[in-house]
Number of protein chains: 2
Amino acid sequence: MATDKSHSPADKPPNFRPALTPGRWDATAVHAYKDEGAAPFKDVTRQVLFADPAMAAEWRYFEVASGGHSTLERHEHVHAVMVHRGRGRCMVGAEIRDIASGDLVYVPAMTWHQFRATSDEPLGFLCLVNAARDKPQLPTAKELAALKRDRTVAAFVRT
Amino acid sequence: MATDKSHSPADKPPNFRPALTPGRWDATAVHAYKDEGAAPFKDVTRQVLFADPAMAAEWRYFEVASGGHSTLERHEHVHAVMVHRGRGRCMVGAEIRDIASGDLVYVPAMTWHQFRATSDEPLGFLCLVNAARDKPQLPTAKELAALKRDRTVAAFVRT
């Protein structure tokens, strides 16, 4: 109906979408991070901010609740990340760093990575990927054992 | 030199780049918005946050000083925008809106657009574009006259 102002997921979103509260936007649905049981993670939501046929990339927003974590994974495609709100820690390869609002993170191809929120604050981050990309890989038991030979990595990762 | 930890523009930036102050990042150069005289604009800087051969898009940050404005232009490529700091107003086609930190803006293909900072605050925004894209077009005198037939547009645009 011409008078219906609601936006179904199939609709093209409006050109202006105000932030409603930190990490929530007008006409932008909040989804489960991944299908239940598809991969290990804890307390993460996913929003697609921009995914347009005219764009070669997708711009997503992930929010990890306090104490939660993203999936430990790697893939051929790269991630360009900016922390949008809160704070946490992030592993990229063997490097583990505190991250907070505004910080930039780059995840190179085939590099194990994981994001964790701190115990008292959510971690919300913007994540840019190519629209055409491969599926994430989870570590095999052997790969995980190899990763955990680094004690700092062993203490950080959640699977 | 192997012991030199500085980053020349040709270097690949480090995987972690902390925000130093709002709108400024470690190992990320601040540039003039456009070449002097190339197009009309006022008090704008440009930073390339991510531009990697493995990425199909570039993620940039523009900051318009208080009272400044971006170029009034259009192009075939689209813009995906998030306001990062401050506030201002934005025109996309015939629509002019107040925008503030966190808000999302989409600029469709061949749509006249311009960003203006308010008189008392800078406007910093993230802008995603395809790596392969066409050059912006400026309005001809005839096109500008046509645009200005809309009084609201006429009052907003700066050229």
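Everything here concerns the structure above.
Residues numbered from 1 in each chain as written. Chains lettered and ligands numbered in written order. Predicted model: local features only at pLDDT ≥ 70, side-chain atom pairs only at ≥ 80, totals over all residues. Heavy atoms only, no water.

Asker: Quick question: what am I supposed to make of the relation of the copies chain A and chain B here?
Answerer: Each copy of the chain is related to the other by a rotation around an axis and a translation along that axis. Once chain A is rotated about the relating axis by 180° and shifted along it by 0.0 Å, it coincides with chain B to within an RMSD of 0.0 Å. Both copies are brought into coincidence by an operation consistent with a two-fold rotation axis. Comparing interface residues between copies, 100% of those in chain A also lie at the interface in chain B; the contact surface is shared. (Least-squares fit on C-alpha atoms with pLDDT ≥ 70 in both. Contact = heavy atoms within 4.5 Å.)

Asker: Just checking my understanding: could you explain the packing of aromatic side chains for this structure?
Answerer: Geometry of an aromatic ring pair is reported as the spacing of the ring centres plus the angle between the planes. Using the criterion set out here, one finds 15 aromatic pairs over all chains in the structure. Centre to centre, the rings of F62(A) and F125(A) are 5.6 Å apart; their planes meet at 35°, and the pair counts as tilted. Of this pair, F62(A) sits in strand β6 (residues 57-69) while F125(A) sits in strand β11 (residues 123-130), and the two are 63 residues apart along the sequence. You can call F62(A) buried: its relative accessible area is 5%. One aromatic cluster in this structure is built from F50(A), W59(A), Y106(A), F50(B), W59(B) and Y106(B). Across the ring face of F50(A), the terminal group of R17(A) is positioned such that the distance to the ring centre comes to 5.0 Å. One cation-aromatic arrangement involves R116(B) over F156(B); the distance from NZ or CZ to the ring centre is 5.2 Å. (Phe/Tyr/Trp six-rings, centres within 6.5 Å; stacked < 30°, edge-to-face > 60°. Helix = DSSP H or I, 4+ residues; strand = E, 2+ residues; numbered from the N terminus. Buried < 20%, exposed > 50% of the residue type's maximum accessible area, 1.4 Å probe, protein only. Lys NZ or Arg CZ within 6 Å of the ring centre and 35° of its normal.)

Asker: Looking at this structure, how should I read the environment of L126(B)?
Answerer: Structurally, L126(B) can be placed in strand β11 (residues 123-130). Judged by relative accessible area, which is 0%, L126(B) ranks as buried. Along the primary structure L126(B) and A109(B) are separated by 17 residues, whereas in three dimensions their C-alpha atoms are 18 Å apart. When residues no more than four places from it in sequence are discounted, the contact partners of L126(B) are W59(A), M82(A), L126(A), L49(B), W59(B), R60(B), Y61(B), A80(B), V81(B), M82(B) and H84(B).

Asker: What should I look at first to understand the pattern of salt bridges in this one?
Answerer: Where side chains of opposite charge bring their charged atoms close, a pairing between them can arise. Summed over all chains, the structure comprises 18 salt bridges over all chains. The shortest N-O distance in the salt bridge between R74(A) and E143(A) comes to 3.1 Å. Taken together, the positions of R74(A) in the loop between β6 and β7 (79-92) and E143(A) in helix α1 (residues 141-147) put the pair 69 residues apart, joining distant regions of the chain. Between R85(B) and E63(B) there is a salt bridge; the shortest N-O distance is 3.1 Å. Pair noted here: R85(B) is in strand β7 (residues 79-92) and E63(B) is in strand β6 (residues 57-69), with a separation of 22 residues, a long-range link. (Salt bridge = Lys/Arg side-chain N within 4 Å of Asp/Glu carboxyl O.)

Asker: Help me out: how do you make sense of the pairing of strand β5 (residues 42-50) of chain A in this one?
Answerer: Consecutive side chains of a regular strand alternate in pointing toward one face of the sheet and then the other. Residue and element names in this part refer to chain A. As judged from the two bridges shared by strand β4 (residues 31-32) and β5, these two strands associate in the antiparallel manner. Paired with A32 across the strands is T45, a residue of β5. Inspection of the sheet shows β5 paired to β6 by seven bridges, in the antiparallel sense. Residue pairing for β6: F50 is matched across the bridge by W59. In this structure, the hairpin formed by β5 and β6 is closed by a connection of six residues. (Pairing = 2+ DSSP bridges.)

Asker: I tried to follow the state of the cysteines on my own but got confused; where do I start?
Answerer: In a disulfide, the sulfur atoms of two cysteines are covalently bonded to one another. Per the stated rule, a full pass over the model turns up zero disulfides over all chains. Of all cysteine sulfurs, the one in C127(A) lies closest to C90(A), which takes part in no disulfide; the gap is 10 Å. (Disulfide = S-S within 2.5 Å.)

Asker: I tried to follow the side chain of T111(A) on my own but got confused; where do I start?
Answerer: All names here are of chain A. Following the sequence through the fold, T111 ends up in the loop between β9 (104-107) and β10 (113-117). From its side chain, T111 meets the backbone oxygen of P108 in a polar contact 3.1 Å long. Reaching out from T111, the side chain makes a polar contact with the backbone oxygen of A109 at a distance of 3.0 Å. If sequence neighbours within four positions are ignored, T111 has contacts with E73, R74, V92 and G93. (Polar contact = N/O pair within 3.5 Å; in protein donor to acceptor, adjacent residues only side chain to side chain.)

Asker: Looking at this model, I keep getting lost on the interface of chain A and chain B. Mind explaining?
Answerer: Reports often express the size of an interface as the amount of accessible area lost when the parts come together. Taken together, the contacts link 36 residues of chain A with 36 residues of chain B. Counting the surface chain A buries against chain B, the share from its top three residues, F16(A), L104(A) and Y106(A), is 25%. Inspection of the region where chain A meets chain B yields zero salt bridges. Among the secondary structure elements, those contributing two or more residues to the side of chain A that touches chain B are β1 (16-17), β5, β6, β7, β8 (95-100), β9 and β11 of chain A. No other element matches the six residues that β7(A) contributes to the side of chain A that touches chain B. Considered class by class, the residues forming the side of chain A that touches chain B number 24 nonpolar, six polar and six charged. The pairing of β1(A) with strand β9 (residues 104-107) of chain B spans two bridges and is antiparallel. Bridging across to β9(B), F16(A) finds its partner in V105(B). (Buried area = accessible area lost by both parts, 1.4 Å probe. Nonpolar A, V, L, I, M, F, W, Y, C, P; charged D, E, K, R; others polar.)

Asker: For this particular structure, what's the right way to read the layout of surface pockets?
Answerer: Residue and element names in this part refer to chain B. Considered as a void within the structure, the largest pocket measures approximately 600 Å³ in volume. The wall of the largest pocket is formed by 27 residues, among which Y33, K34, R60, E73 and P136 lie closest to the centre. Of all the secondary structure elements, the ones that give two or more residues to the lining of the largest pocket are β5 (42-50), β6, β7, β10 (113-117) and β11. For the lining of the largest pocket, the element with the highest residue contribution is β6, accounting for three residues. Classifying every residue of the lining of the largest pocket by side-chain character gives 12 nonpolar, six polar and nine charged. (1 Å grid on protein atoms, 1.4 Å probe; cavity = no way out; pocket = protein on both sides within 12 Å on 5 of 7 lines; lining within 4 Å. Points joined across faces, edges and corners; volume = space filled by probe spheres on them.)

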